[in-house]
Amino acid sequence: MGKIQCIGILTSGGDAPGMNAAIRAVTRAGISNGFNIMGVYRGYEGLIKGEVKPFTTEDVSGIITRGGTILKTARCKEFTTPEGRQKAFETCQRVGIDALVVIGGNGSLTGARDFGMEFDFPVIGLPGTIDNDLYGTDATIGYDTTMNTIMECVDRIRDTANSHERIFFVEVMGRDAGFLAQNCAIACGAEAAIVPEETTDVDQLAQFMGRGIRKSKKSCIVIVSESPKCGALYYADRVKKEFPEFDVRVSILGHLQRGGSPSAHDRILASCTGAGAIEAIKQGQRNVMVGIRNNEVVYVPFSECIRTDKRFDKRLITVLNELSI
Ligand code: ATP
(Lines give C-alpha, C1' and ligand atoms only; values in the text may rest on other atoms or scores of the structure.)
Protein backbone atom coordinates (compact mmCIF):
# COMPACT_ATOMS: atom_id res chain seq x y z
CA MET A 1 0.00 0.00 0.00
CA GLY A 2 1.29 3.47 -0.90
CA LYS A 3 1.43 6.63 1.14
CA ILE A 4 -1.62 7.28 3.31
CA GLN A 5 -3.51 10.37 2.19
CA CYS A 6 -7.09 9.91 3.33
CA ILE A 7 -8.19 8.64 6.74
CA GLY A 8 -11.74 7.40 7.31
CA ILE A 9 -13.23 7.75 10.78
CA LEU A 10 -16.25 5.94 12.20
CA THR A 11 -18.00 5.26 15.49
CA SER A 12 -19.40 1.79 16.18
CA GLY A 13 -21.29 -0.13 18.87
CA GLY A 14 -23.00 1.68 21.74
CA ASP A 15 -22.62 5.47 21.78
CA ALA A 16 -20.45 6.89 24.54
CA PRO A 17 -19.97 10.47 25.77
CA GLY A 18 -16.67 11.74 24.36
CA MET A 19 -17.01 10.06 20.96
CA ASN A 20 -17.59 13.50 19.44
CA ALA A 21 -14.50 14.86 21.14
CA ALA A 22 -12.59 11.93 19.60
CA ILE A 23 -14.02 12.62 16.13
CA ARG A 24 -12.98 16.25 16.49
CA ALA A 25 -9.49 15.31 17.64
CA VAL A 26 -8.86 12.83 14.82
CA THR A 27 -10.21 15.27 12.23
CA ARG A 28 -8.25 18.27 13.43
CA ALA A 29 -5.01 16.42 14.19
CA GLY A 30 -5.35 14.70 10.80
CA ILE A 31 -5.83 17.97 8.92
CA SER A 32 -3.02 19.62 10.90
CA ASN A 33 -0.73 16.84 9.69
CA GLY A 34 -1.73 17.10 6.04
CA PHE A 35 -4.23 14.21 5.78
CA ASN A 36 -7.68 14.30 4.22
CA ILE A 37 -10.40 13.10 6.59
CA MET A 38 -13.53 11.23 5.56
CA GLY A 39 -16.41 10.83 8.01
CA VAL A 40 -18.11 7.43 7.72
CA TYR A 41 -21.71 7.39 8.97
CA ARG A 42 -23.42 4.60 10.95
CA GLY A 43 -20.35 2.58 11.78
CA TYR A 44 -19.54 -0.50 9.74
CA GLU A 45 -22.98 -0.40 8.13
CA GLY A 46 -22.12 2.96 6.57
CA LEU A 47 -18.74 1.63 5.52
CA ILE A 48 -20.42 -1.23 3.68
CA LYS A 49 -22.99 1.07 2.06
CA GLY A 50 -20.57 3.89 1.29
CA GLU A 51 -22.15 6.55 3.52
CA VAL A 52 -19.16 8.87 3.62
CA LYS A 53 -18.50 12.60 3.60
CA PRO A 54 -15.23 14.55 3.42
CA PHE A 55 -14.70 16.35 6.75
CA THR A 56 -13.32 19.84 7.23
CA THR A 57 -12.41 21.48 10.53
CA GLU A 58 -15.81 23.20 10.46
CA ASP A 59 -17.62 19.84 10.39
CA VAL A 60 -16.37 19.20 13.91
CA SER A 61 -16.89 22.69 15.32
CA GLY A 62 -18.73 22.92 18.61
CA ILE A 63 -19.07 19.16 19.12
CA ILE A 64 -16.62 18.65 22.00
CA THR A 65 -19.43 19.44 24.45
CA ARG A 66 -21.98 17.06 22.93
CA GLY A 67 -22.82 13.50 23.97
CA GLY A 68 -23.61 10.77 21.42
CA THR A 69 -21.87 10.78 18.06
CA ILE A 70 -22.43 13.11 15.10
CA LEU A 71 -21.34 10.22 12.85
CA LYS A 72 -24.19 8.08 14.24
CA THR A 73 -23.48 4.53 15.25
CA ALA A 74 -24.84 1.08 14.52
CA ARG A 75 -24.48 -2.57 15.31
CA CYS A 76 -23.87 -4.28 11.95
CA LYS A 77 -24.24 -8.03 11.61
CA GLU A 78 -23.06 -8.08 8.01
CA PHE A 79 -19.61 -6.83 9.02
CA THR A 80 -19.10 -9.95 11.13
CA THR A 81 -18.99 -11.96 7.87
CA PRO A 82 -16.06 -12.03 5.40
CA GLU A 83 -18.49 -10.98 2.64
CA GLY A 84 -19.55 -7.91 4.61
CA ARG A 85 -15.97 -6.90 5.30
CA GLN A 86 -15.15 -7.41 1.59
CA LYS A 87 -17.88 -4.88 0.72
CA ALA A 88 -16.46 -2.47 3.29
CA PHE A 89 -13.02 -2.83 1.72
CA GLU A 90 -14.46 -2.14 -1.73
CA THR A 91 -15.99 1.09 -0.37
CA CYS A 92 -12.57 2.17 0.93
CA GLN A 93 -11.04 1.52 -2.48
CA ARG A 94 -13.86 3.31 -4.29
CA VAL A 95 -13.90 6.48 -2.15
CA GLY A 96 -10.14 6.58 -1.59
CA ILE A 97 -9.94 5.81 2.14
CA ASP A 98 -6.50 4.32 2.77
CA ALA A 99 -6.53 4.09 6.60
CA LEU A 100 -9.33 3.82 9.16
CA VAL A 101 -9.82 5.07 12.70
CA VAL A 102 -12.49 3.07 14.53
CA ILE A 103 -13.95 4.43 17.77
CA GLY A 104 -15.82 1.74 19.67
CA GLY A 105 -15.79 -1.05 22.22
CA ASN A 106 -14.70 -4.64 22.31
CA GLY A 107 -16.84 -5.82 19.39
CA SER A 108 -15.93 -2.88 17.19
CA LEU A 109 -12.22 -3.41 17.74
CA THR A 110 -12.59 -7.15 17.08
CA GLY A 111 -14.11 -6.21 13.72
CA ALA A 112 -11.30 -3.70 13.19
CA ARG A 113 -8.69 -6.38 13.83
CA ASP A 114 -10.28 -8.82 11.36
CA PHE A 115 -10.66 -6.14 8.70
CA GLY A 116 -7.08 -4.91 9.11
CA MET A 117 -5.64 -8.42 8.91
CA GLU A 118 -7.78 -9.68 6.02
CA PHE A 119 -7.00 -6.75 3.72
CA ASP A 120 -3.61 -5.70 5.07
CA PHE A 121 -5.29 -2.38 5.79
CA PRO A 122 -4.05 0.16 8.37
CA VAL A 123 -6.65 0.42 11.15
CA ILE A 124 -6.23 2.30 14.42
CA GLY A 125 -8.74 1.91 17.27
CA LEU A 126 -9.86 4.31 19.96
CA PRO A 127 -11.44 2.89 23.14
CA GLY A 128 -14.98 4.29 22.93
CA THR A 129 -17.28 2.51 25.35
CA ILE A 130 -18.92 3.31 28.67
CA ASP A 131 -18.09 -0.21 29.92
CA ASN A 132 -14.31 0.24 30.45
CA ASP A 133 -13.81 -3.37 29.38
CA LEU A 134 -10.80 -2.89 27.08
CA TYR A 135 -7.29 -3.93 28.09
CA GLY A 136 -4.31 -1.63 27.79
CA THR A 137 -5.92 1.66 28.75
CA ASP A 138 -6.65 2.90 32.25
CA ALA A 139 -10.06 4.11 31.13
CA THR A 140 -12.22 4.10 28.03
CA ILE A 141 -13.86 7.17 26.49
CA GLY A 142 -17.29 7.59 28.10
CA TYR A 143 -16.65 5.64 31.27
CA ASP A 144 -15.98 8.64 33.52
CA THR A 145 -19.02 10.58 32.33
CA THR A 146 -21.24 7.55 32.80
CA MET A 147 -19.96 7.01 36.34
CA ASN A 148 -20.80 10.62 37.14
CA THR A 149 -24.27 10.28 35.64
CA ILE A 150 -24.95 7.15 37.67
CA MET A 151 -23.63 8.83 40.80
CA GLU A 152 -26.04 11.76 40.39
CA CYS A 153 -28.97 9.39 39.90
CA VAL A 154 -28.09 7.23 42.89
CA ASP A 155 -27.63 10.29 45.11
CA ARG A 156 -31.27 11.12 44.37
CA ILE A 157 -32.44 7.57 44.92
CA ARG A 158 -30.66 7.68 48.27
CA ASP A 159 -32.96 10.50 49.44
CA THR A 160 -35.99 8.32 48.86
CA ALA A 161 -34.35 5.19 50.25
CA ASN A 162 -33.51 7.08 53.45
CA SER A 163 -36.90 8.70 53.80
CA HIS A 164 -38.88 5.49 53.33
CA GLU A 165 -36.31 3.15 54.87
CA ARG A 166 -36.09 0.95 51.81
CA ILE A 167 -33.60 -1.36 50.15
CA PHE A 168 -33.00 -0.16 46.59
CA PHE A 169 -31.49 -2.40 43.92
CA VAL A 170 -30.17 -0.04 41.26
CA GLU A 171 -29.23 -1.68 37.96
CA VAL A 172 -26.45 -0.13 35.89
CA MET A 173 -24.92 -0.96 32.50
CA GLY A 174 -21.57 -2.66 31.96
CA ARG A 175 -22.35 -5.66 29.78
CA ASP A 176 -20.21 -8.46 31.15
CA ALA A 177 -17.97 -6.17 33.21
CA GLY A 178 -18.51 -4.83 36.71
CA PHE A 179 -16.37 -1.67 36.50
CA LEU A 180 -19.34 0.69 36.46
CA ALA A 181 -21.17 -1.13 39.25
CA GLN A 182 -18.21 -1.57 41.57
CA ASN A 183 -16.76 1.92 41.22
CA CYS A 184 -20.14 3.64 41.28
CA ALA A 185 -20.98 1.76 44.47
CA ILE A 186 -17.88 3.25 46.07
CA ALA A 187 -18.60 6.72 44.67
CA CYS A 188 -22.20 6.64 45.90
CA GLY A 189 -21.46 5.20 49.33
CA ALA A 190 -23.63 2.22 48.43
CA GLU A 191 -23.85 -0.71 50.81
CA ALA A 192 -22.98 -3.36 48.21
CA ALA A 193 -22.30 -4.07 44.55
CA ILE A 194 -23.33 -7.20 42.72
CA VAL A 195 -20.96 -7.73 39.79
CA PRO A 196 -20.52 -10.43 37.14
CA GLU A 197 -16.91 -11.04 38.15
CA GLU A 198 -18.06 -12.55 41.44
CA THR A 199 -21.19 -14.50 40.59
CA THR A 200 -19.54 -17.77 39.69
CA ASP A 201 -18.29 -18.79 43.10
CA VAL A 202 -20.31 -16.96 45.73
CA ASP A 203 -23.89 -15.96 46.34
CA GLN A 204 -23.36 -12.24 46.64
CA LEU A 205 -26.85 -11.54 47.89
CA ALA A 206 -26.52 -14.04 50.72
CA GLN A 207 -23.14 -12.53 51.58
CA PHE A 208 -24.58 -9.05 51.66
CA MET A 209 -27.62 -9.99 53.75
CA GLY A 210 -25.36 -12.10 55.97
CA ARG A 211 -23.33 -9.03 56.85
CA GLY A 212 -26.39 -7.93 58.79
CA ILE A 213 -26.98 -5.03 56.49
CA ARG A 214 -29.83 -3.56 58.44
CA LYS A 215 -28.36 -3.77 61.89
CA SER A 216 -26.93 -0.30 61.78
CA LYS A 217 -28.78 1.17 58.84
CA LYS A 218 -32.38 1.91 58.10
CA SER A 219 -31.99 1.95 54.33
CA CYS A 220 -29.53 0.72 51.77
CA ILE A 221 -28.50 0.85 48.15
CA VAL A 222 -27.17 -2.10 46.21
CA ILE A 223 -25.71 -1.44 42.76
CA VAL A 224 -26.26 -4.38 40.39
CA SER A 225 -24.55 -4.95 37.04
CA GLU A 226 -27.02 -5.57 34.24
CA SER A 227 -27.51 -9.22 33.37
CA PRO A 228 -30.24 -11.01 31.41
CA LYS A 229 -30.82 -13.53 34.19
CA CYS A 230 -29.53 -11.98 37.40
CA GLY A 231 -30.30 -8.27 37.20
CA ALA A 232 -31.78 -6.01 39.87
CA LEU A 233 -35.27 -7.53 39.48
CA TYR A 234 -33.93 -11.01 40.22
CA TYR A 235 -32.24 -9.91 43.45
CA ALA A 236 -35.18 -7.79 44.56
CA ASP A 237 -37.53 -10.77 44.06
CA ARG A 238 -35.27 -12.97 46.10
CA VAL A 239 -35.11 -10.51 49.00
CA LYS A 240 -38.89 -10.10 48.91
CA LYS A 241 -39.29 -13.87 49.21
CA GLU A 242 -36.45 -14.61 51.62
CA PHE A 243 -36.72 -11.46 53.79
CA PRO A 244 -40.35 -10.29 53.55
CA GLU A 245 -39.83 -7.81 56.40
CA PHE A 246 -37.86 -5.47 54.09
CA ASP A 247 -39.37 -2.86 51.81
CA VAL A 248 -37.58 -3.52 48.52
CA ARG A 249 -37.54 -1.39 45.36
CA VAL A 250 -35.82 -1.56 41.99
CA SER A 251 -34.53 1.19 39.76
CA ILE A 252 -33.14 0.30 36.34
CA LEU A 253 -31.23 3.34 35.09
CA GLY A 254 -31.24 2.18 31.45
CA HIS A 255 -30.31 4.43 28.58
CA LEU A 256 -30.10 7.65 30.54
CA GLN A 257 -26.63 6.41 31.53
CA ARG A 258 -25.30 6.80 27.98
CA GLY A 259 -26.10 10.36 27.08
CA GLY A 260 -25.01 13.78 28.25
CA SER A 261 -22.13 16.16 27.82
CA PRO A 262 -18.78 14.43 28.39
CA SER A 263 -16.78 15.11 31.55
CA ALA A 264 -13.45 16.96 31.41
CA HIS A 265 -11.70 13.60 31.87
CA ASP A 266 -13.44 12.06 28.86
CA ARG A 267 -12.83 15.12 26.68
CA ILE A 268 -9.12 15.07 27.48
CA LEU A 269 -8.87 11.29 27.02
CA ALA A 270 -10.67 11.52 23.67
CA SER A 271 -8.54 14.46 22.53
CA CYS A 272 -5.24 12.84 23.48
CA THR A 273 -6.06 9.42 22.06
CA GLY A 274 -7.53 11.02 18.92
CA ALA A 275 -4.32 12.95 18.32
CA GLY A 276 -2.46 9.74 19.21
CA ALA A 277 -4.28 7.90 16.41
CA ILE A 278 -2.89 10.32 13.84
CA GLU A 279 0.56 10.02 15.37
CA ALA A 280 0.25 6.22 15.10
CA ILE A 281 -0.60 6.48 11.40
CA LYS A 282 2.36 8.80 10.84
CA GLN A 283 4.62 6.24 12.55
CA GLY A 284 3.31 3.49 10.25
CA GLN A 285 1.54 1.63 13.04
CA ARG A 286 -1.50 -0.52 12.30
CA ASN A 287 -3.88 -2.84 14.13
CA VAL A 288 -3.39 -1.08 17.44
CA MET A 289 -5.67 0.69 19.88
CA VAL A 290 -4.53 3.99 21.33
CA GLY A 291 -4.86 4.07 25.11
CA ILE A 292 -3.61 6.07 28.06
CA ARG A 293 -1.74 4.22 30.77
CA ASN A 294 -0.17 6.04 33.71
CA ASN A 295 -0.67 9.35 31.91
CA GLU A 296 1.18 8.17 28.81
CA VAL A 297 -0.19 7.47 25.36
CA VAL A 298 0.28 3.79 24.55
CA TYR A 299 -0.34 1.66 21.46
CA VAL A 300 -1.87 -1.70 22.28
CA PRO A 301 -2.23 -4.48 19.65
CA PHE A 302 -5.92 -5.24 18.97
CA SER A 303 -5.40 -8.88 19.92
CA GLU A 304 -4.41 -7.75 23.42
CA CYS A 305 -6.96 -5.02 24.07
CA ILE A 306 -9.98 -7.16 23.09
CA ARG A 307 -9.24 -9.95 25.54
CA THR A 308 -12.50 -10.60 27.32
CA ASP A 309 -11.20 -11.08 30.81
CA LYS A 310 -10.27 -7.56 31.93
CA ARG A 311 -11.08 -7.43 35.62
CA PHE A 312 -11.15 -4.59 38.08
CA ASP A 313 -8.83 -4.57 41.04
CA LYS A 314 -10.32 -6.91 43.63
CA ARG A 315 -9.16 -4.52 46.37
CA LEU A 316 -12.14 -2.37 45.37
CA ILE A 317 -14.39 -5.05 46.83
CA THR A 318 -12.56 -4.81 50.15
CA VAL A 319 -12.78 -1.01 50.09
CA LEU A 320 -16.52 -1.13 49.52
CA ASN A 321 -17.07 -3.76 52.20
CA GLU A 322 -14.99 -1.89 54.76
CA LEU A 323 -16.66 1.45 54.11
CA SER A 324 -20.23 0.26 54.00
CA ILE A 325 -20.62 -0.93 57.58
P1 ATP B 1 -20.16 -1.40 23.40
O2 ATP B 1 -19.05 -1.64 24.38
O3 ATP B 1 -20.71 -0.04 23.53
O4 ATP B 1 -21.20 -2.47 23.39
P5 ATP B 1 -18.98 -2.65 21.09
O6 ATP B 1 -18.07 -2.12 20.05
O7 ATP B 1 -18.45 -3.74 21.96
O8 ATP B 1 -19.49 -1.40 21.94
P9 ATP B 1 -20.70 -4.49 19.65
O10 ATP B 1 -22.15 -4.43 19.37
O11 ATP B 1 -20.17 -5.68 20.36
O12 ATP B 1 -20.34 -3.13 20.41
O13 ATP B 1 -19.90 -4.39 18.26
C14 ATP B 1 -20.15 -3.35 17.35
C15 ATP B 1 -20.02 -3.85 15.95
O16 ATP B 1 -18.70 -4.35 15.72
C17 ATP B 1 -20.93 -5.00 15.61
O18 ATP B 1 -22.23 -4.60 15.27
C19 ATP B 1 -20.22 -5.62 14.41
O20 ATP B 1 -20.47 -4.87 13.25
C21 ATP B 1 -18.76 -5.44 14.79
N22 ATP B 1 -18.28 -6.68 15.43
C23 ATP B 1 -18.54 -7.11 16.68
N24 ATP B 1 -17.97 -8.32 16.90
C25 ATP B 1 -17.34 -8.65 15.75
C26 ATP B 1 -16.57 -9.78 15.33
N27 ATP B 1 -16.34 -10.83 16.15
N28 ATP B 1 -16.09 -9.79 14.07
C29 ATP B 1 -16.31 -8.75 13.24
N30 ATP B 1 -17.04 -7.67 13.56
C31 ATP B 1 -17.53 -7.60 14.80
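Preceding block: the structure.
Bear in mind the structure is a predicted one, so any value in this text is a computation, not a measurement. (Residues numbered from 1 in each chain as written. Predicted model: local features only at pLDDT ≥ 70, side-chain atom pairs only at ≥ 80, totals over all residues. Heavy atoms only, no water.)

Draft legend 1. Representation of the layout of surface pockets. Each pocket or cavity is described by its volume, and for the largest pocket that value is around 440 Å³. Along the walls of the largest pocket sit 28 residues, with G13, R75, G107, S108 and R175 positioned nearest its centre. It is helix α4 (residues 106-118) that provides the largest number of residues to the lining of the largest pocket, a total of six residues. Each residue belonging to the lining of the largest pocket can be placed in one class, and the counts come to six nonpolar, 14 polar and eight charged. Domain assignment of the residues forming the lining of the largest pocket places at least three in each of domain 1 (6-142 + 262-307) and domain 2 (143-258). (1 Å grid on protein atoms, 1.4 Å probe; cavity = no way out; pocket = protein on both sides within 12 Å on 5 of 7 lines; lining within 4 Å. Points joined across faces, edges and corners; volume = space filled by probe spheres on them. Helix = DSSP H or I, 4+ residues; strand = E, 2+ residues; numbered from the N terminus. Nonpolar A, V, L, I, M, F, W, Y, C, P; charged D, E, K, R; others polar. Domains from an automatic or database assignment.)

Draft legend 2. Structural detail: the sheet that holds strand β5 (residues 123-127). Ordered by their spatial adjacency, seven strands build an open sheet running β3-β2-β1-β4-β5-β10-β11, and the pairing between neighbours is mixed. Each having just a single partner strand, β3 (52-55) and β11 (296-301) make up the two edges of the open sheet. The mean inter-strand angle of the sheet, taken between neighbouring strand axes irrespective of direction, is 30 degrees. Strand direction decides the pairing type here: strand β4 (residues 99-104) and β5, joined by five bridges, are parallel. Across the sheet, the residue bridging to V102 is G125, located in β5. (Pairing = 2+ DSSP bridges. Axes fitted to C-alpha atoms, helices over the stretch in contact; angles between N-to-C directions.)

Draft legend 3. Structural view of the sheet that holds strand β9 (residues 248-252). Strand order in the open sheet formed by four strands is β7-β8-β6-β9, with parallel pairing between adjacent strands. On the outer flanks of this sheet lie β7 (192-194) and β9, each paired with one strand and no other. Averaged over all pairs of adjacent strands, the angle between strand axes in this sheet comes to 20 degrees, irrespective of strand direction. By the bridge criterion, three bridges tie β7 to strand β8 (residues 220-225) in an arrangement that is parallel. Residue pairing in the sheet places I194 in a bridge with V224 of β8. Sitting on the sheet, helix α6 (residues 179-188) touches β6 (167-172), β7 and β8, and the angle it makes with β7 is about 175 degrees. (Contact = heavy atoms within 4.5 Å.)

Draft legend 4. Examining the environment of R75 more closely. With respect to the secondary-structure elements, R75 resides in the loop between β3 and α3 (82-95). For R75, a relative accessible area of 55% translates into the label exposed. Through-space distance from the C-alpha of R75 to that of S32 is 31 Å; in sequence the pair is 43 residues apart. Residues within four places of R75 in sequence aside, it is in contact with G13, G14, E45, R175 and R258. (Buried < 20%, exposed > 50% of the residue type's maximum accessible area, 1.4 Å probe, protein only.)

Draft legend 5. Looking closely at the site of the ligand. Around the ligand, the surrounding shell holds 19 residues, and the nearest of these are R75, C76, G107, S108 and T129. A distance of 3.2 Å is found between an oxygen atom of the ligand and a backbone nitrogen or oxygen belonging to N106. For the ligand, the accessible surface in isolation is 620 Å², of which the surrounding protein chains cover 85%. More than half of the atoms belonging to the ligand lie within 2 Å of the grid points that define the largest pocket. For the shell around the ligand, a count of residues per class yields three nonpolar, eleven polar and five charged. (Near = heavy atom within 4 Å. Polar contact = N/O pair within 3.5 Å; in protein donor to acceptor, adjacent residues only side chain to side chain. Areas by Shrake-Rupley, 256 points an atom, 1.4 Å probe, with all protein chains shown as cover. Sits in = over half its atoms within 2 Å of the grid points.)

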